[in-house]
Amino acid sequence: MNYFFLDASAVVKRYIPETGTFEMNYFFASVPPHRMLCLFEGGGEVVFVFSRSRNQRKVTATRFNQIKQRFLTEVIYRVRVVKVFPTKNQIRLSWDFIERYSINSTDAILLQCALDRVNELRIEGDNLVLVSADKRLLNAARSEGLLTFNPETDNQAALDILINPP
């Protein structure tokens, strides 16, 4: 069985229509919450994108409040969605990824946490898929041996295979 580690770049597509929104809506309708993981700190990135959209007048203040509340309810406050809190050691180890792959610190921490979790899952015969629209993060994840899904470029059929592997 595959579990899914959500990056902010993919999650925002659930709430703000853009390329990949269909795939993320399908993802949320098809994947049970207990198979979703997110970096707790990544929630701030999602709220930042919402706020930026409001400040750029792409969404109204009312819509901003609606999508923020929906995100908090569906992901952050939802008990069954696994929130990942990195350790000091994971943060320190992630710094190597910043240099190696030229990714930002939050992405590096997410990658380190994902790699640690996939090692635990593989012992049980399961796997982990990184869900992101960030090309650098996706390339780094693939280089480190993770499965990936990009809602901007991968389609529903590809997602179906990841949700229910043959």
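Residues numbered from 1 in each chain as written. Predicted model: local features only at pLDDT ≥ 70, side-chain atom pairs only at ≥ 80, totals over all residues. Heavy atoms only, no water.

What is the right way to look at the overall build of the protein in this model?
Looking only at helices and strands, one finds eight helices and five strands in the protein. Each helix and strand of the protein, placed in order from N terminus to C terminus, yields the pattern β-α-α-β-α-α-β-α-α-β-α-β-α. Taking 2.2 N^0.38 as the reference for a compact globule, 166 residues should give roughly 15 Å; the C-alpha atoms of the protein span a radius of gyration of 15 Å, in line with that estimate. When its C-alpha atoms are laid out on the principal axes, the protein stretches across 45 × 35 × 30 Å. Sorting the 166 residues of the protein into buried and exposed places 49% on the buried side. Pairs at least 24 apart in sequence give 64% of the contacts found in the protein among residues at least 6 apart. Summed over its atoms, the accessible surface of the protein is roughly 8500 Å², and 52% of this surface lies on carbon and sulfur atoms. Across the protein, the centroid of the 21 positively charged side chains sits 8 Å from that of the 18 negatively charged ones. (Helix = DSSP H or I, 4+ residues; strand = E, 2+ residues; numbered from the N terminus. Rg over C-alpha atoms; globule rule 2.2 N^0.38 Å. Buried < 20%, exposed > 50% of the residue type's maximum accessible area, 1.4 Å probe, protein only. Contact = heavy atoms within 4.5 Å. Areas by Shrake-Rupley, 256 points an atom, 1.4 Å probe, with all protein chains shown as cover. Lys, Arg positive; Asp, Glu negative; His and termini not counted. Charge placed at Lys NZ, Arg CZ, Asp CG, Glu CD.)

Is there a simple way to explain unusual backbone geometry in this structure?
Only a minority of non-glycine residues have a phi that is not negative, and only a minority of peptide bonds are not trans. Non-glycine residue Arg57 carries a positive phi angle of around 65°. We classify Arg57 as exposed; its relative accessible area is 76%. At Ser102, a residue that is not glycine, the phi angle is positive and equals roughly 55°.

What is the right way to look at the environment of Asp96 in this model?
Checked against the element boundaries, Asp96 lands in helix H5 (residues 88-101). Since its relative accessible area comes to 34%, Asp96 is described here as partly exposed. Residues Asp96 and Ile67, 29 residues apart in the sequence, show an inter-C-alpha distance of 35 Å.

Any chance you could explain the pairing of strand E2 (residues 36-39) here in plain terms?
Across a regular strand the side chains alternate sides, sitting on one face of the sheet and then on the other. Burial of the side chains of E2 extends over both faces: Met36 and Cys38 are buried on one face and Leu37 and Leu39 on the other. Examined bridge by bridge, strand E1 (residues 2-6) and E2 share three bridges and lie parallel to one another. Looking at E2, one finds that Phe4 is bridged to Met36. Alignment of E2 against strand E3 (residues 82-84), held across three bridges, turns out to be parallel. Bridge pairing in E3 links Cys38 to Lys83. (Pairing = 2+ DSSP bridges.)

Teacher, can you tell me more about helix H4 (residues 61-76) here?
In an α-helix there are 3.6 residues to a turn, and that puts residues three or four apart on one side. Compared with the 22 Å implied by 1.5 Å per residue over 16 residues, the 21 Å span of H4 between its first and last C-alpha is a close match. Buried within H4 we find Phe64, Ile67, Phe71, Leu72, Glu74, Val75 and Ile76. Close packing links the buried residues of H4 with helix H1 (8-11), helix H2 (21-30), E2, helix H3 (42-55) and E3. (Expected span 1.5 Å × (residues − 1).)

When you look at the sheet that holds E1 in this model, what are you seeing that I'm missing?
Each strand in a sheet pairs with another by means of backbone hydrogen bonds, the pair being arranged parallel or else antiparallel. Taken together, five strands build an open sheet; the order of strands is E3-E2-E1-E4-E5 and the sheet is parallel. The strands lining the two open edges of the sheet, one partner per strand, are E3 and strand E5 (147-149). Within the sheet, the average angular offset between the axes of one strand and its neighbour, ignoring direction, is 30°. Sheet contacts for helix H6 (residues 105-123): E1, E2, E3 and strand E4 (127-131); angle to E4, the most-contacted strand, approximately 160°. Contacts between helix H7 (residues 135-143) and the sheet are confined to E4 and E5, with E5 contributing the most and set at about 155° to the helix. (Axes fitted to C-alpha atoms, helices over the stretch in contact; angles between N-to-C directions.)

Help me understand the packing of H3 against H4 in this model?
The relative placement of two packed helices is expressed as an angle between their axes plus a distance between the axes. Their axes nearest at 9 Å, the elements H3 and H4 cross at an angle of 165°. Considering their axes alone, H3 and H4 lie roughly antiparallel with respect to each other. Relative to H4, the crossing made by H3 is right-handed. On the side of H3, the interface is formed by Gly43, Val46, Val47, Phe50, Ser51 and Arg54, while H4 contributes Ala61, Phe64, Ile67, Lys68, Phe71 and Ile76. Taken together, the residues that form the contact of H3 with H4 break down as eight nonpolar, two polar and two charged. (Parallel < 35°, antiparallel > 145°, perpendicular 65-115°, else oblique. Left-handed = near helix turned anticlockwise from the far one by under 90°. Nonpolar A, V, L, I, M, F, W, Y, C, P; charged D, E, K, R; others polar.)

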